[in-house]
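Overview (structure and organization)
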Amino acid sequence: MCGDENPAPPALDGGGRGDLVVVANRLPVHRTDGGWETSPGGLVSGLLPLLQKRQGVWVGWGGGRASGEIAPFRHDGLWNVPVSLSADEVRDYYEGFANSTLWPLYHDACQQPQFHRQWWQPYVTVNERFAEVAAREAAPGASVLVQDYHLQLVPGMLRRMRPDLRIGFFLHIPFPPVELFSQLPWRQRILEGLLGADVVGFQTKQGAGNFIRLVNRYTPHRGASHSISVYGRRVEVREFPISIDYWKIDQLAADPATIERAREIRAELGPNRTIMLGVDRLDYTKGIDHRIRAFHEILAAGRHTVRDLVLVQVSVPSRDQVDEYIEIRERIETLVGHINGEFGEVGQVPVHYLPRSLPIEKLVAYYLAADLMLVTSLRDGMNLVAKEYCAARRDDTGVLVLSEFTGAAHELQRAVLVNPHDIDGMAVTIERAIAMPRDEQARRMRSLRQRVRKRTAYDWADEFIAVLAGPAHGSSAALAAGDAR
Ligand code: F6P
C-alpha cells in the first residue's frame with residue numbers, strides 16, 4: 001500500500017491536529033518498493049482502529065540515517081509524522097544508549113550493558129526532538145501514548161511543554177529489579193522522565209513493582225500498590241500485558257492456502273518427523289543458542305535421531321550494526337554448522353536455519369506444521385510468537401515450550417515451562433513435550449487458546465486508553481474503542 005498523497009492540514013488553533021498521538025521510536029509503517037506499508041505487531045494492530053477513529057497521529061523515526069526531513073503523510077487512516085535521525089544519532093542514541101546500554105540492562109544484563117557518557121546526551125537530544133514534535137502535533141487536551149525504552153524522558157519533557165495533555169507511557173520490555181537498574185548512572189533522570197506520565201504501564205506486575213520500589217528509593221516521590229504521588233499529581237502504575245490480533249491469526253490458520261502450505265512444509269521436512277519451531281528476532285536475549293545446544297544434547301543422548309526430529313529456526317536479522325548482534329549471529333551459525341555436521345545425513349539435517357523475515361501468512365503455515373514451538377528467551381518483555389502459535393492451533397494440538405523468563409509465561413501457565421539456562425534440564429523437558437499424549441496436548445492448548453483469545457491487542461489498547469482517560473472517562477473511552485472495530 002502506498003501513502004495517501006494529501007498534504008498535511010494546517011495545525012488546529014492552540015495545538016496540533018492529533019486528538020490521540022502515539023510517540024514511538026519507529027513509525028507504524030516501513031518502506032517497500034511500492035511505498036509505505038503498515039508494519040505487523042501487537043502495538044500497531046491494537047492502536048490502529050483507535051487512531052483511525054480519533055484524529056490519530058503517530059510520531060516516529062522512519063528508519064535510515066541522515067535521511068533528511070520527510071513531510072508528514074497520511075497512511076491507513078492516520079497521520080504519520082516522521083522524526084529524522086542523523087547518522088551520529090543512530091549510532092549514539094539508537095545503537096548506543098537504547099540498544100547497548102538500556103536493552104541489555106533491562107534484560108537482566110544477559111549481556112554486559114555499556115555505560116558511555118557520550119551516548120547519554122544524544123539520548124536526551126533525541127528524546128527532546130520527539131517531545132517537541134509531539135507537543136506540536138497534539139490538539140488541546142489530547143491523549144499522548146509514549147512507547148518504550150527509547151523514549152523514557154519524553155513524558156517529563158512533554159508535561160513541561162504541554163501540561164494540558166494526558167500522557168501515557170508503556171514499556172514493551174522488562175523493567176529490571178532495583179539491584180540492576182541501580183547500576184545506571186542516569187537512573188534518577190530516567191525515573192523522573194517516566195514520572196511525567198499520568199499512567200506508566202508495564203508488561204507484568206513485577207515490572208510495575210520494580211518501578212515503584214525504585215521511585216521510592218531514588219526520588220522524593222512516594223508510591224504504593226498502583227500509584228505514585230508526584231507533588232500531589234497521581235501517577236497510575238500498572239501492568240498491561242500486550243497481545244496479538246488473535247482473530248487475524250485464527251483466520252489465516254483456517255485459510256485453505258495456509259493449510260496447504262503447512263501440509264507441504266510437513267511433506268518437505270519428512271512426514272514422520274516431529275517438527276520443532278523457533279521464530280525470533282536474531283537477538284541474544286532470545287536464547288536461540290541455548291535452544292540449539294539443548295537439541296544437540298537430545299541427539300547426542302541417542303534417544304532421538306535426525307530421522308525423527310527436526311528444528312526449523314526462523315531468525316529475523318536485527319540491529320545488525322551492533323557488535324553483540326554480529327557476535328550472536330556468528331555464534332548461532334557456528335552452532336547450526338556443528339550440529340548439522342555432526343548429526344546430519346544425506347537429505348536430512350537436524351536444523352533448518354532461515355535467517356530472514358517471513359510474511360505472517362508463511363509464519364502461520366509454519367505454526368500449523370510445527371508439533372512443538374520453542375520459545376526459550378533468557379528474558380523477554382512478553383513474546384508474542386508464543387501467543388501467535390496458540391492462536392494458530394485451531395485443532396488444539398501442539399505443545400508450547402516456553403521460557404519462564406518471558407512476560408508470556410505469567411499468562412500462559414499451561415505451557416511447558418523451561419529454564420533456558422539449564423541446558424540439560426531443557427533437553428529433558430523438550431523430550432517430555434515430544435512424547436506428550438494427544439489428550440494432554442489438547443487440554444493444555446485449549447486453555448492456552450482461551451487465555452490468548454480473552455485478551456487481544458485490542459483489549460490491551462482499550463484498557464490502556466480507558467485508564468489514561470481517568471475514572472470519569474474510562475467507560476466511554478472503552479466504548480469508543482469498541483465502536484472503532
Ligand atoms: O521489543 C522491543 C522492540 O523495540 C519492539 O518495539 C520492536 O519491534 C523490536 O524491539 C525491534 O526493534 P528495532 O526497532 O530495534 O528493530
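The rules behind the values
- Residues numbered from 1 in each chain as written.
- Predicted model: local features only at pLDDT ≥ 70, side-chain atom pairs only at ≥ 80, totals over all residues.
- Heavy atoms only, no water.
- Helix = DSSP H or I, 4+ residues; strand = E, 2+ residues; numbered from the N terminus.
- Contact = heavy atoms within 4.5 Å.
- Near = heavy atom within 4 Å.
- Polar contact = N/O pair within 3.5 Å; in protein donor to acceptor, adjacent residues only side chain to side chain.
- Areas by Shrake-Rupley, 256 points an atom, 1.4 Å probe, with all protein chains shown as cover.
- Nonpolar A, V, L, I, M, F, W, Y, C, P; charged D, E, K, R; others polar.
- Core = buried A, V, L, I, M, F, W, Y, C linked by side-chain atoms within 4.5 Å.
- Buried < 20%, exposed > 50% of the residue type's maximum accessible area, 1.4 Å probe, protein only.
- Domains from an automatic or database assignment.
- Buried area = accessible area lost by both parts, 1.4 Å probe.
- Salt bridge = Lys/Arg side-chain N within 4 Å of Asp/Glu carboxyl O.
- Pairing = 2+ DSSP bridges.
- Axes fitted to C-alpha atoms, helices over the stretch in contact; angles between N-to-C directions.
- Parallel < 35°, antiparallel > 145°, perpendicular 65-115°, else oblique.
- Left-handed = near helix turned anticlockwise from the far one by under 90°.
- Phe/Tyr/Trp six-rings, centres within 6.5 Å; stacked < 30°, edge-to-face > 60°.
- Lys NZ or Arg CZ within 6 Å of the ring centre and 35° of its normal.

This part is about the side chain of glutamate 236. Position of glutamate 236 relative to the elements: it lies in strand β12 (residues 233–239). Ignoring sequence-local partners within four residues, the contact set of glutamate 236 consists of Asp198, Val199, Val200, His226 and Val467.

The next subject is the site of the ligand. All residues adjacent to the ligand are Arg26, Tyr94, Trp103, Asp148, Tyr149, His150, Ile173, Arg281 and Arg319. Between the ligand and the protein, one listed contact pairs an oxygen atom with a side-chain N or O atom of arginine 26 at 2.7 Å. In this structure, an oxygen atom belonging to the ligand sits 2.8 Å away from a side-chain N or O atom of arginine 319. For the ligand, the protein covers 66% of the area, taking 390 Å² as the surface of the free molecule. A breakdown of the residues in the shell around the ligand according to their chemical character gives four nonpolar, one polar and four charged.

Turning next to the nonpolar core. In terms of nonpolar packing, the biggest core is built from 100 residues, with Tyr106, Phe130, Phe175, Ile190, Phe211 and Ile430 touching the most fellow members. At ten residues, helix α3 (residues 117–137) tops the list of elements feeding residues into this core. What phenylalanine 175 contacts, discounting residues up to four positions off in sequence, is Tyr106, Gln152, Phe181, Leu191, Leu194, Phe202, Gly207, Asn210, Phe211 and Leu214. With 67 residues, the next largest nonpolar core counts Ala24, Ile244, Tyr246 and Ala391 among its residues.

With that settled, the discussion passes to the domain arrangement of the protein. For the protein, the assigned domains are domain 1 (18–242 + 460–483) and domain 2 (246–454). Listed per partner, the contact involves 22 residues of domain 1 and 20 residues of domain 2. Together domain 1 and domain 2 conceal approximately 1700 Å² of surface at their shared face, both sides included; 60% is due to carbon and sulfur atoms. Run the count over domain 1 and domain 2 and you get one salt bridge. Arginine 379 is the salt-bridge partner of aspartate 108, the closest N and O atoms lying 3.2 Å from each other. Linking domain 1 with domain 2 are seven residue pairs in polar contact (both at pLDDT 80 or more), by the criterion used here.

Pairing in this open sheet of six strands is parallel, and the strands run β15-β14-β13-β16-β17-β18 from one edge to the other. Edge strands, defined here as strands with exactly one partner in the open sheet, are β15 (351–354) and β18 (416–418). If you compare each strand with its neighbour and ignore which way they point, the axes differ by 20° on average. Across eight bridges, the pairing between strand β13 (residues 274–281) and strand β14 (residues 309–316) is parallel. If you follow arginine 281 over to β14, its bridge partner there is valine 316.

So, about the pattern of salt bridges. Close approach of charged atoms lets side chains of opposite charge pair. For the structure shown, the criterion picks out 32 salt bridges. Note that arginine 91 is salt-bridged to aspartate 88, the shortest N-O span being 3.5 Å. In this pair, arginine 91 and aspartate 88 both sit in helix α2 (residues 87–106), three residues apart, roughly one turn of the helix. The class for aspartate 88 is partly exposed, based on a relative accessible area of 45%. Among the ionic pairs, aspartate 198 bridges to arginine 166, the shortest N-O distance being 3.6 Å. Here the residue aspartate 198 occupies a position in the loop between α6 (187–194) and β9 (199–202), and arginine 166 occupies one in strand β8 (residues 166–170), the gap between them amounting to 32 residues. On the accessibility criterion, aspartate 198 (5% relative accessible area) is buried. The exposure class of arginine 166 is partly exposed, given its relative accessible area of 30%.

Moving on, we get to unusual backbone geometry. Of note, aspartate 108 is a non-glycine position whose phi angle comes to about 55°, a positive value. Locating aspartate 108 in the fold gives a position in the loop between α2 and α3. For alanine 109, which is not glycine, the phi dihedral falls at a positive 50°. Residue position: alanine 109 is located in the loop between α2 and α3.

Between α3 and helix α4 (residues 154–161), whose axes approach to 9 Å, the crossing angle comes to 45°. It follows from the interaxial angle that α3 and α4 lie oblique. By crossing handedness, the relation of α3 to α4 is classed as right-handed. Mapping the contact onto sequence places Val124, Asn127, Glu128, Phe130, Ala131, Glu132, Ala134 and Ala135 in α3 and Val154, Met157, Leu158 and Met161 in α4.

In total, this model carries 22 aromatic pairs according to the counting rule given. For the pair phenylalanine 202 and phenylalanine 211, a centre-to-centre distance of 5.5 Å together with 40° between the ring planes defines the contact as tilted. For phenylalanine 211, a relative accessible area of 0% gives the class buried. Arranged with centres 4.8 Å apart and planes meeting at 80°, the rings of tyrosine 246 and tryptophan 247 form a pair that is edge-to-face. With a relative accessible area of 1%, tyrosine 246 lands in the buried category. Among the aromatic side chains, those forming a connected cluster through ring pairs are Tyr93, Phe97, Trp120, Tyr123 and Trp186. Of note, arginine 17 hangs over the ring of tryptophan 79, and the distance from its end group to the ring centre comes to 4.9 Å. The ring of tryptophan 103 is capped by arginine 319, whose NZ or CZ atom sits 4.1 Å from the centre of that ring.

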